[in-house]
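# Chains, contacts and geometry: an overview
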Amino acid sequence: MEKFAIGLDLGTSSVKAVLFSMETGVIAKDSADFTYAPAKLPDGSEYLGINMENFYRTICSVLKNLAKKLPKDADFGGIAMASASGNGVLCDKEGNALIDAYSWLTPPMSEESYAVFGEEFISNVREYAGWGFSLSFPAAQLAHLRVHAPEILDSADVVCMATEYVLHRMTGVWGVDVSTATPSRLFDQKKRVWNTEALEKLGISEHKLPKLLESGDLLGKMTDDGAADTGLPAGSCVYVGSFDHPTAARACNIEKEGDLLISCGTSWVCFFPMNDRDKIVSHLLLTDPFLTPEGPWGAMCSLSRASERIKEIVDKYISADDNKFVLLDELSAAAPSGADGLSFNPMEEVPDLAAYSKQNIARALMEGVANALKTRMGDMVKIERITMCGGPSVSPVWREVLSETFGVPVNVTFGPHSGAVGAAMYALK
């Protein structure tokens, strides 16, 4: 009997979801955008906030739409989520959010981070956490709260991220997988426990954090309230997933050294399995638990907010119309490889391009992104197979440019919905 599942991909600016089965593939899909707004603490300090009720209801609206597509009397395996985690929130014992969640897009909170953690601790975070310290991710967000709103931080019963909040709303259970926990910088990847030194510096008790689980573990069952919110059957299984890029990698069979996933979202990311964690850490790349403890770690390097830089250049030199990216493809396809000698790195200061043709600007932009990715990745591993996902993966021109740059054919499996499909696979294992 065909078994169905729903996978969600909670991105930085939107949620994508699919109704999926291993036999049929993607049966239905839906998406919705998230909204952000400035939020204030009692002392007037500001950050970029996410209203958690709106966040939850947006996700539920997508689930309701897909729940309607489930065949009658279907064998439903449940749901799981991939997420671009990093949005911290504080909750009371009932799971109500005490504040708007901090978006990881909040400007750097340098002063607070160094005041709470100290320079030595910050410089050594990568060794245990797998990611270097970030001045805008949960550890820094909590430092900001410790400095500006200690009374709210101390009164919280649960310290979590937006994904765990949503999962708790559906199941009544607090839990987070080891991959999703990694960006918090509070998780020790090697020991697979919360880092007590980080928690002590923040003045947070470990019992306030969600239970740690392995990616794909069963978190709990959908409660009656969760079922009413989502339109899914009460008692449906809810599984924890993983960070968005490793989830997409699982969907695309990126599972051994030599495989590469190029994931194109808000940031453009190279994700590739590696057996040697120390090598990933020493090269200052991001480390994900991925297929451990039995299999390889996941290495990630990125062009942060690359999509914003691409849009800025396209708007300025090619077109600001709604069809700008279609035009980008057409112009780039019409230009020769090498763009008649024009080259620039879109992630750095871009020279004045007004004297060049739009065709060559388009081609040089694409080639510049591809070259920046390849340079960022370096010679970590010999790439034998590339799969691309994210919105730009639907463009044959982007695939052509990336293939020319890396010297390997670029394939597409589930395209923009790879993260959601990978999440659904957790519920079908």
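Our subject is the structure listed above.
A few points on the structure. All figures in this text were calculated on a predicted structure; none of them were measured in a lab. (Residues numbered from 1 in each chain as written. Predicted model: local features only at pLDDT ≥ 70, side-chain atom pairs only at ≥ 80, totals over all residues. Heavy atoms only, no water.)

### Regarding the pairing of strand 6 (residues 75-83)
Stated precisely, the cut-off is as follows: Buried, partly exposed and exposed residues are distinguished by accessible area as a fraction of the type maximum, computed with a 1.4 Å probe on protein chains only: under 20%, between the cut-offs, and over 50%, respectively. Each helix is a run of DSSP H or I of at least 4 residues and each strand a run of E of at least 2, with the numbering of both proceeding from the N terminus. Here, strands pair whenever DSSP counts at least two bridges between them.
Of all nine residues that make up strand 6, eight are buried, and the element is covered over most of its length. By the bridge criterion, eight bridges tie strand 1 (residues 3-10) to strand 6 in an arrangement that is parallel. Residue Phe4 lies in a different strand from strand 6, and its bridge partner there is Phe76. As judged from the four bridges shared by strand 6 and strand 15 (residues 237-243), these two strands associate in the parallel manner. Of the residues in strand 15, the one forming a bridge with Ala80 is Tyr239.

### Observations concerning the layout of surface pockets
Defined as follows: Here a cavity denotes a set of grid points, spaced 1 Å apart and computed over the protein atoms alone, in which a 1.4 Å probe fits but from which it cannot get out, and a pocket denotes an open set meeting protein on both sides within 12 Å along at least five of seven lines; residues with an atom within 4 Å of a point are reported as lining. Grid points are joined across faces, edges and corners, and a volume is the space filled by probe spheres set on the points. Amino acids are sorted into nonpolar (Ala, Val, Leu, Ile, Met, Phe, Trp, Tyr, Cys and Pro), charged (Asp, Glu, Lys and Arg) and polar (every other residue, Gly among them).
Taken as a whole, the second largest pocket holds about 240 Å³ of empty space. Lining of the second largest pocket is provided by 13 residues; of these, Arg250, Leu291, Gly422, Met425 and Tyr426 occupy positions nearest its centre. The dominant element in the lining of the second largest pocket, judged by the number of residues it contributes, is helix 16 (residues 418-426), at three residues. Grouping the constituent residues of the lining of the second largest pocket by class yields six nonpolar, four polar and three charged.

### Here's the deal with helix 13 (residues 324-334)
Stated precisely, the cut-off is as follows: Residue contacts follow a heavy-atom distance rule, with two residues in contact if any of their heavy atoms lie within 4.5 Å.
Within the span of helix 13, buried status applies to Lys324, Leu328, Asp329, Leu331 and Ser332. Buried residues along helix 13 sit against helix 12 (306-317), helix 14 (358-377) and helix 15 (396-406).

### A short note on the nonpolar core
Grouped burial of nonpolar side chains is what soluble globular proteins tend to show. Quick note on the threshold: Here the nonpolar core consists of buried residues drawn from Ala, Val, Leu, Ile, Met, Phe, Trp, Tyr and Cys, with membership extended through side-chain atoms lying within 4.5 Å.
Ranked by internal contacts, the top residues of the largest apolar core, which has 47 residues, are Leu260, Ile262, Trp268, Phe272 and Met377. Of all elements in the fold, only strand 16 (259-264), strand 17 (268-274), strand 19 (297-303), helix 12, helix 13, helix 14, strand 20 (385-390) and helix 15 reach the threshold of two or more residues within this core. Residue contacts for Trp268: discarding those within four places in its chain leaves Ser263, Cys301, Ser302, Leu303, Ala306, Ser307, Ile310, Val369, Leu373, Met388, Pro392 and Trp398. The next biggest cluster of nonpolar side chains, apart from the first, holds 42 residues, and it includes Leu63, Ala101, Met170 and Val238.

### Quick notes on the packing of helix 2 (residues 110-117) against helix 3 (residues 119-129)
Definition in use: Axis angles are defined between N-to-C directions and span 0 to 180 degrees, where every axis is a line fitted to C-alpha atoms and, for a helix, only to the segment in contact. By the definition adopted for this analysis, an angle is roughly parallel if under 35 degrees, roughly antiparallel if over 145, roughly perpendicular if from 65 to 115, and oblique otherwise.
In the contact formed by helix 2 and helix 3, the axes pass within 7 Å of each other and the chain directions differ by 95°. It follows from the interaxial angle that helix 2 and helix 3 lie roughly perpendicular. Between helix 2 and helix 3, the contacting residues are Ser113, Tyr114 and Phe117 on the first element and Glu119, Phe121 and Ile122 on the second. In the contact of helix 2 with helix 3, the residues fall into four nonpolar, one polar and one charged.

### Here we look at the sheet that holds strand 18 (residues 286-288)
The strand order across the open sheet built from six strands is 18-19-17-16-20-21, with neighbouring strands paired in mixed fashion. Because the sheet does not close on itself, it has two edges, and the strands there are strand 18 and strand 21 (410-411). Pairing between strand 17 and strand 19: seven bridges, direction antiparallel. Considered in strand 19, the bridge of Phe271 is made with Met300. Along the sheet face, helix 14 touches strand 16, strand 17 and strand 19 and points at about 135° away from the line of strand 19.

### Concerning the pairing of strand 19
Most of strand 19 sits out of view: six of its seven residues are buried. Sheet analysis places strand 18 next to strand 19, joined by three bridges and oriented antiparallel. If you follow Asp288 over to strand 19, its bridge partner there is Gly298.

### Notes on unusual backbone geometry
That bond from Thr292 to Pro293 is cis: its omega, 10°, falls within 30 degrees of zero. When you line up the elements, Pro293 lands in the loop between strand 18 and strand 19. Its identity as a non-glycine residue notwithstanding, Asp340 has a phi of 55°, on the positive side. Here Asp340 falls in the exposed class, since its relative accessible area comes to 61%.

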